[in-house]
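A structural walkthrough
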Amino acid sequence: MSKRANEMPFPAGQKGVELGVLRDQLADLRASLLISMPISTVLSVLIVLVKSISGADWTTLAWLVIVNVVNGARILLALRQPQDEELEKQDYATLSKWLRGYMALAFLAGVAWAYVAVISDGFTAPETPVYLVIVAGISAGAVSYSACYAALPILFMAPPLLAVVVCMIMGGELDDYVLAFTSTLFFGGLVKSSFLGQERFRETSRLKYEANHHAGKMEKNSREDPLTGLLNRRGLEQAVSRLKPADGPFTAMLIDLDGFKSVNDTYGHRVGDDLLLKIAGRIRAEAPAEATLARVGGDEFVLLFGRAAAADTEQLALRIIASISRPYAGINSIQVGASVGIHVADDPHLTHMLLRADFALYTAKDRGRNNLCIFDTVLEGAFRRQQCIERDLKAALASGELQSWYQPIVRLDTRRIVGFESLLRWEHPEHGQIAPPEIITTARTTGLLPALTETVFWNACDMMDRLREEGRSGIRIAINISPRELEAADIDTMILAGLAERGLTTSMLEIEITEEAPVDLGRVGEKLGRLARAGISIVLDDFGAGFSTLASLKDGRISKVKIDRSFANDLAGAKESRLLMKAVIDLAQTLGIEVMAEGVETPDQARILQSMGCACAQGYLFSPALPIEKALALQRVGVA
């Protein structure tokens, strides 16, 4: 074994297991000797007493002294042996020295006990049966008390039992030969028992250490990111739990990569993994030496440090962003960057710090790529507002506090109401009116989006019921559904079953859907096709913004496109906007698709849209969104 291996207090793998077994053997030998040595002393005194019957001489007394001096040396060796933590610090060479000491003293003790053959006159004295029983007993006892290490009992019992065999053979009588043969079998049996005992002890010890090794390995793996070797979320939590408030203030820097998904999609996950390793190295190179770096998500890293490693946090974040943004060999078509959210706290509470760093991170992302944001008192107010809204949304859904209002959709030529778009309204008791996009985002974050969509759908069914009662079954109610939601849940089944349950015709429902990435287009398309075949109108919402594309217009499932409000805003002034709007309307009409515009606020906008062939529109020019009763009243009298 190399010197390096010997110097390791806790070597890994099999070496660690073997060292652990060796330590267990030494610990067991120590405990056994402290019990067996007093017994050996008592038996040696008993032999002297038996010998005194026939007249003990000075040699017998000298033997007694020698035996007990050796016993004392063995006890002293056991007492001086390191214990527990000190024993675990010993390397293989040192442990072997202790074993060699035990073996040497065991052999000396065995040689001393072989002198019993002399005391018993070659086992011919009248007291011979007593001597033989004691020799056999102490030999068997050595096997019992030193079962953990076979060499010790063998070295001890070999001299006295060999002396018995030799003396019996020299006796020359048949019964002497029989006794010699029996003693040889006895010795062989004890040797075999010694090895069996050692094997059982080592196996038990080995299984214990292997279990501990694997448990330690699993514990380590549970704390480490397998790709980068950095701490994972659990490991970071443990690291933070060891920090003390006196070491603060503490800075948590949440680093999220920009463009990393495109690397995986374009070059494959192997290149993406290599990139993560390089990025981890670049962050580590810029980080303070005492900082803790962890990977807590697919492309998210956390850099945590206290006062001892304090630096100009903003400058550090800028250096990290600049380092990550430098080119990478083999990745030429994608620019990788990073956004950073920073939170500084007096107490090392990981969840508290990461929640705020995450809020700052998304604020930084809203400002564009390669940006940073430090969580401050202004963001604290926004963060608490978000938490409050997330906390109260479920109760608002259950209590009916969250309602659907309806904005009319009007034909431009007749100004007749032909439909209503269902829009969410939530008057929060503390924060006032909550905008629909914020409601939807919160519902998605908290896992309440399916429940929210179901609430909007059933509210729409109530509106359709009221319209049917008034003989206005030709008016459609439009509800908004995200493609990601349509992909993940069985919304199509819920809608069709709900309409059938309420006895409502599918032609009264319209579904407005925006193109978003990423989604499983095949799965979403299949569900939209099912709804379209059932007679539900499918509207491509916010056309001209976001991920909406001209390719969607050739999809036979789309019956209407809804032009984004940004186009209506520029119609009266920008020639380019009018030309683009006209091109979209002409293209849709060529494909047999109806066109409507949203965000219409002035008569000029309505006039221009009508002149271009746009059939329908909605906006404040006609009416804002209204509660259900006011919306029903408006449809009775129409818009001006």
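Now for a quick tour of the structure. (Residues numbered from 1 in each chain as written. Predicted model: local features only at pLDDT ≥ 70, side-chain atom pairs only at ≥ 80, totals over all residues. Heavy atoms only, no water.)

Concerning the pattern of salt bridges
Should the charged atoms of two oppositely charged side chains come close, the side chains can pair. Using the following cut-off: What makes a salt bridge here is a side-chain nitrogen of Lys or Arg within 4 Å of a carboxyl oxygen of Asp or Glu, nothing more. Secondary structure elements follow DSSP: runs of H or I no shorter than four residues count as helices, runs of E no shorter than two count as strands, and numbering proceeds from the N terminus. Exposed residues in this analysis have more than 50% of their type's maximum accessible area, buried residues have under 20%, and partly exposed residues fall in between, with area computed by a 1.4 Å probe over protein chains only.
As enumerated under the stated definition, the model contains 28 salt bridges in all. Taking the shortest distance from any N to any O, the salt bridge between Asp465 and Arg502 comes out at 2.7 Å. Pair noted here: Asp465 is in helix α17 (residues 449–469) and Arg502 is in helix α19 (residues 491–502), with a separation of 37 residues, a long-range link. Look at Asp465 and you get buried, because its relative accessible area is 15%. Taking the relative accessible area as the measure of exposure, Arg502 reaches 24% and is therefore partly exposed. Linking Arg565 and Glu598 is a salt bridge whose minimum nitrogen-to-oxygen distance equals 4.0 Å. Residue Arg565 is located in helix α21 (residues 565–570), and its partner Glu598 is located in the loop between β13 (594–597) and α23 (603–612); the two are separated by 33 residues in the primary sequence. On the basis of relative accessible area, Glu598 is assigned to the buried category, the value being 7%. When salt bridges with common partners are traced through the structure, they connect Glu421, Glu512, Lys562, Arg565 and Glu598 into a single cluster.

What about the nonpolar core?
Within soluble globular proteins, side chains that are nonpolar tend to cluster in buried spots. Definition in use: In these notes, a set of buried Ala, Val, Leu, Ile, Met, Phe, Trp, Tyr and Cys residues joined through side-chain atoms within 4.5 Å is what counts as a nonpolar core. Contacts between residues were defined by any pair of non-hydrogen atoms, one from each residue, lying within 4.5 Å.
Among the nonpolar cores identified, the biggest contains 73 residues, and Met464, Ile495, Leu499, Ile536 and Val561 are the most heavily contacted of them. Residue contributions to this core peak at nine residues, all from α17. Excluding anything up to four places from it in sequence, Ile495 contacts Phe457, Ile481, Leu509, Ile511, Leu531 and Ile536. Counting residues in hydrophobic clusters, the runner-up holds 53 residues, among them Trp63, Trp98, Ala114 and Ile154.

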